[in-house]
Each structure stands twice: as C-alpha cells, then as structure tokens.
Amino acid sequence: MEMNQPIGRTPLDDRPDGLVGKPLNRVEGKLKVTGRAPYAYETRALENPAYGFIVPATIASGTIRSIDAEAARKAPGTILVLTHENVPEQGEKKEQVWPQLQGTEVRFYGQPVAFVVAETFEHARAAAMLVKVRYDAAKPKGLLKDSLAAAYEPKPVNSPPDSKLGDFDAAFAAAPVKLDVEYVTPNQIHAQMEPHATIAAWDGDGVVLHTSNQMPNRGQKALGSVLKLPPEKVRIVSPYIGGGFGAKLQVQPEATLAILASKVIQRPVKVALTRQQEFHVATHRTDTIQRIRLGADTEGRLSAISHESWSDTAEGDGFFETSANVTRSLYAAQNRVTRHRLVNLNMPIASSMRAPGEAVGQLAFECAMDELAEQLKVDPIELRVRNEPAEDPEKKVPFSTRQLVPCMREGARLFGWDKRQAAGSRREGNWLVGMGMSAAARLNPLMPSAVKVRLGPDGVLVVRMAMTDPGTGTYTILTQIAGEMLGLPPERVRVEMGDTDFPFASGSGGSFGAASAGSALYVACDNLRQALLKAGDLNPDGATFRDGAVTSGNRTEALTDLAGSGLEAAGEIKPGEMKQKFSQYSYGAHFAEVGVDVDTGEIRLRRMLGVFTGGRILNAKTARSQAIGGMTFGVGAALMEDAVVDPRYSYFVNHDMAEYHVPVHADLPEIDAVFLPELDDKANPLKSKGLGELGICGAGASLANAIYNATGIRVREYPLTLDKMLKGFEEQEGQAQRRT
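Scoring rules and cut-offs
- Numbering of residues starts from 1 in each chain and follows the order in which that chain's sequence is written.
- Per-residue local features of the predicted model are confined to residues with pLDDT of at least 70, and side-chain atom pairs are confined, for both listing and counting, to 80 or more; whole-chain, interface and lining totals are unaffected and use all residues.
- As a rule here, side-chain values come from all non-hydrogen atoms in the structure, and water together with hydrogens is ignored.
- By salt bridge we mean one thing: a side-chain nitrogen of Lys or Arg within 4 Å of a carboxyl oxygen of Asp or Glu.
- Buried residues are those whose accessible area, probed at 1.4 Å on protein chains only, stays under 20% of the maximum for their type, while exposed residues exceed 50% and partly exposed ones sit between those limits.
- Think of it this way: DSSP has to see at least two bridges between two strands before they count as a pair.
- By definition, any uninterrupted DSSP run of H or I lasting at least four residues is a helix, any uninterrupted run of E lasting at least two residues is a strand, and each is numbered from the N terminus.
- In this scheme, a helix's expected span is set at 1.5 Å multiplied by one less than its residue total.
- Nonpolar core, defined: a set of buried Ala, Val, Leu, Ile, Met, Phe, Trp, Tyr and Cys residues in which side-chain atoms within 4.5 Å join the residues together.
- The contact rule is simple, with two residues in contact once any of their heavy atoms fall within 4.5 Å.

Undergrad: When you look at the pattern of salt bridges in this model, what are you seeing that I'm missing?
TA: Opposite charge on two side chains allows them to pair when their charged atoms are near. Across all of its chains, the model carries 51 salt bridges by this definition. Where Lys419 meets Asp418, a salt bridge forms, and the shortest distance between an N and an O atom there is 3.9 Å. Each member of the pair Lys419 and Asp418 is classed as exposed. What emerges from the salt-bridge pattern is a single network uniting Arg426, Glu428, Glu593, Arg606 and Arg607.

What follows is the structure in structure tokens.
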C-alpha cells in the first residue's frame, strides 16, 4: 500500500473500546524483569564463543609506526591478534559503517588499532593491554570553534543543507525590531544502558550476527559492502535492545571486528564495548554553533528568519547536524535563510542522537524566540501565535494537521502560566523562581516496511518482521494493532521481530518505527480479514471481529474454523503522494518552573509539563513514557550533559558515567505529559504520528527560558551550569554598581 490519498474510515475507528490506545502493559515486560529476554551478549544460540577486546588508538591524529603484539599473542588464552598487518580483506565503507584496521592512518582517539581474541573476556582484556603501539603523532584538530574557516557545505542527506526564500538581508535590515544571537550546544553521548555488543559466527559463506542494532536491514546492507558479501549473506538478529537513542542505528566497529575474527578462527566471537570505549569507539552527538537572526515589526510579526548551524564529525565522514531544518516550517516569515556547514575534525564519528537536528536546533531557536518576546515585551505564547503559518512557509503546502497553538493554550491552562511574573521578580527565600515555555515540533516520516502474519489452528496469530524494539514498546503496540484488527486478546498474538530473515522493516529510529511497522501490520491484518471472510463465504459489509470470531449478518464463525490448518497474509507500506502534498509534523509545547539559588547558582527543576499531539495514540502508557523520557533528555541537555573535549588530545575527558552526568530521579520531582486528541488521515493507515523524539524537541529551551525568567540571566552556551550562572550574577552586580 502506498500513501497516495487520505485514509477513510477504518476498523480502528469503529472500536473505541478496542485494544489500540489502551495503556496495555509491555507484553515482553515479564521476560525482561525475570532475565529471560536474551540481549545480544547473553544469547545462547551460538555455542563456545571466544571473546574479543578492542585496542583503541591513544592519539587522535597521526600514523601507526609499529605494532608489537608478540607478548599479547603469547599471553594465556590468546587465540588471535588482528592488526592492519593481518586483517582480512574488506570492501567499501557504506553510510557510517567503516572497514576496520585498514592501513596505518589514525583519524580519532579511540579508533580501533588492534583486536585481541581469547578464551575468556579476562584473557582478552589482559592480552590487549600487552599490545604496544608506537605512533608518529600529529597535532589534532579537536575544537569546532577553532576550525570554522575550514567549514564547507555538506552533501544533502534527505534534504538540502541550505534553503532560501525571499530577500532575508533586505528584510532584516528594514525590520524595526532585530535579534542577532549565537547559541552553542556541546558534544553529547547517547549513554544507553546496554553497551554495543555482538556475537558473530560464520555459516558457510554467510555470517550470522547476534547484535544490538536498531535497524537490522540497514546494517545488513552496510555490512555487505564492508565484507564484500551479498546482503542476504549477512543475517542480523536483534530481538531485544537495551536502549539505543540513535547509537545503534549503524553497525559499530565491534560487530565488524567480531565478524572478521570469527572468519579467521572459524569459531563464534563475542565482544562488548566497555563503558569507557562507548565514548570514543561508538558515535556521539556533535556540538554545534548556531547563529539566529530574527527581524520583526513592533507587534512581533516576523518578516525575516535566518538560522545558520555549524557542526563537526570525523575526518572522512559527511554526517552533519540538521539543526536548522525544523526552522523551515515552524513560524511564518516571507524572507528566510537556513544554512548548514560542516567541519571535519580529529574527533570520533558523530551521528544521529535522539531527535537529531530538532533537539539541538530548538535548544537555540526557541530561546531566540523567547529573547524576541522579552525585547518586544510580548508574552512568549502570544508571540508564537502571531507567527502561526497558514501553510508550510517554505514548501508552500498545507499541514496534514497542526495543533501547535492548542498545545500551547492547553499547556498554559494546566501549568498556571497566567501566574508567571516579570523576569527576576519572584523570590522564595534564597531561591529565584521562574517559568519558561517552548514549542516542540518533530518531522513525521513514513518508511517502507513489510510483514507476514499467520493465524494457526491453535488460534494464535504470529507476526513476523525485521522490526526492532529498543525499549520503546514496539512489541506491545504491534500486539495491540494485530489483536484489535483480528478480534484477538493479547495473549493470542505473538510478535517475532529483530531478524533479517523476516520481512523487511523500517527499524527503530527517526520516530517512524511505530507508524511504519504498525501500518504494514495493519495492511497485513486487513488482508487476513478478507481472506478469512472469503474462506467462510461471509459478507464483508458490516463484519465485526471480536473474541476470536467474526460476525457477519446473522452468522458467527470462529477464526480457527475459518483458518483451518493455518492461513497467511502479507502487508507492506510505502510513502506516497501524501508526503509531497502535505507537511507532516508532530507538535507540542513544554512548560517548566525552576528555582535558582542566589548564592550558589544552583538550578533546580521544580516541575515540568509537556502537551503534545501525535495523531492516534497507540498505547497511552508507552506514549506517556516516551514523552517523559524525551523531556528527561531535554533536562539533561539544558543542565548537565557535556562531553568535554581536551583540545590537546582531541578526546572526551569525562568518558564514563561517573563524570558524564545525566538526569536521575532526584532531578525530576514533578514531570508529566498529556496528549490532545488527534487523527491524521494523511500520515498512514493508523492515522498516528511519531512520538519517540518529540518529547526532547524544545524541552531544554523551556528550562533555559525559565532560568531567564527567574534571574534575568541569559546563558547561550549549553549546558547551563553553576559557573555560568555565577558569572551572570557577577555581571548583574557590576551593572548595578555602574548604574549607582
């Protein structure tokens, strides 16, 4: 099925009491809490594995002069030591999956330079410490701000890096009210609970990979290129994933090295990155420098918008953070410019992290809107309402749905926004208290996906697809869709996922997983419904599926009787004309209240609320969980997350979870998310939209805006830490003294 026209009434619209939308508990939850859901490193499918350990480069730029691995090879338990001198031949890089141990060039700190395989993990780790690498080191390029002169226009990735409409320069020059500000966001680490892990084994001329990966079909193709194999000779199995947040969109070096070593020793090889290795061997979110210029009339109506963003990635890579993309559709203005520029540094590979582009783009842009509101002395919500576009400002097509203003209005009502006071005017003891808000928007894509379903004689419906569940609830929502479509209880639906031997699926990423995989399943179940009706010679008009049976007219037949020895159906979904004819986004609004200690600069989030629209909500419980999880990411981005680069060595100093801080329960005393009713018939057959990343978009900006409202201090370099707040207080005191 292609999305070439709006979706009419569906069986999901006819069952307000059905499974879809209900707060169903995770169907795989019991397996996980009892330890019976095997993650990649725990699988028993491949017997007698050897263990691998990566030797990372200790320089960020230069060449390998020599590698002395003799002591490692003689160490107890050692089976193999791979280096550039003996690594098997490999093919070409595809996307961000690179051949490993190729040549002597070192591009970043932590780049694998050797791989030790031994009988146990402890043996492999000990032997890895014995590998002696001598380098000819060069001075690395490690800071974005020092390399802007080398920035270039990157190649397009799904959309062009630049856009232009009207004459921004002239409109900005003529605007009676102007804002020209620069925001900086730091490098961030995915920090998912489960590290990257793989067990690889060859089966004839093909390889089987039990790995933690969000998009198995994508990884299958990329590894095929690197290994010089047809993609079908690479099987990826990833049924359970302990978090990813984008870190597992690509196959990482540990998987490629496990495959190469397994081929040499003809035995399964098992490897997991240490937490310290996660910071350099795997990917991260790049830092950005963003310049935002806004021109408006005295009423706050924008006439000119410019959003420019600079980001960086490793030498030889082309990934860039699309920070300005969301600005292209968010607010009305006739004259507009967005621009992205990329710098290649001697830093680890940067890639997508939860809500790439929008997350950091709205950290900057939604604060700039708050600054403009303050300059105009207009309520921040009212400023956004005045700039609400009637259609997509750049694409010039209608929005499929757009409830940004209702989200802001309802959030203001629920949060008590009318009690907000002027900046720096509310004090409770030693605490300055303030409120802030921001808008949220996230692109809603639809990706090709396919599925097969089979209703067996036991009355159990089996669903198979190469989809994944990185903890987001995919198993559960697919169970709900299939159960409602066929009138089956959840216990009679079995979803099998995470295997490239199953039909192709989008994978989990970009907030498209539920809509894409779920829509394919909807189509397959609808096809199975028709097959069952045909098998029973039943009239499809008005037919209802409930309690394991179908009723048409005055006849009711058990599905098991109609299925006989088993009945199968397939379904697929593809994007179509709706993608071009309509601008499709999910929307929301964040509200935050903070307290700032006047003596220490300590910032405490007091409460936070997100109000969102995401089309049909497929599971009320998992949707709320995803939204709150995204908001928590926003709190981390605003207040604490910063992978600090030592410019001498181009490496992350705080490369563990003791010093790279993320929010914990004590940081989030009161946080909630609510959803407004919505169906989007232009999006997909489910009429749903992506939610996984919407919660982070703009969330941190609402805290930054609340901090300004509390203190009158505007910090434009994230995260907003104590030292920056104290500097702001000192500047305020200096200004006060000068005035007196």
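Further notes follow.
Undergrad: Explanation requested: the sheet that holds strand 21 (residues 493–496) in the structure shown.
TA: The pairing of strands in a sheet comes from backbone hydrogen bonds and takes either a parallel or an antiparallel form. What the 5 strands build is an open sheet, ordered 1-25-19-20-21; its pairing is mixed. Every other strand in the sheet has two partners, leaving strand 1 (2–3) and strand 21 as the edge strands with one partner each. The pairing of strand 20 (residues 461–464) with strand 21 spans 4 bridges and is classified as parallel. Across the sheet, the residue bridging to Arg464 is Glu496, located in strand 21.

Undergrad: Explanation requested: helix 9 (residues 358–376) in the structure shown.
TA: Residues three or four positions apart in an α-helix share a direction because the helix packs 3.6 residues into each turn. The terminal C-alpha atoms of helix 9 lie 26 Å apart, and with 19 residues this matches the ideal 27 Å at 1.5 Å per residue to within 8%. With 17 of its 19 residues buried, helix 9 lies for the most part within the structure.

Undergrad: Just checking my understanding: could you explain the nonpolar core for this structure?
TA: Generally speaking, a soluble globular protein has its nonpolar side chains buried in company with each other. Counting 87 residues, the largest nonpolar core has Leu294, Leu302, Tyr331, Leu372, Met608, Leu703 and Tyr718 as the members making the most contacts within it. For this core, the element with the most residues is helix 9, which contributes 11 residues. Beyond its immediate sequence surroundings of up to four residues, Tyr718 is in contact with Tyr183, Val184, Thr185, Pro186, Leu363, Cys367, Ala637, Ala638, Gly700, Ala701, Ala704 and Lys724. Membership of the second largest hydrophobic core comes to 50 residues, among which are Val495, Tyr522, Leu562 and Ala563.

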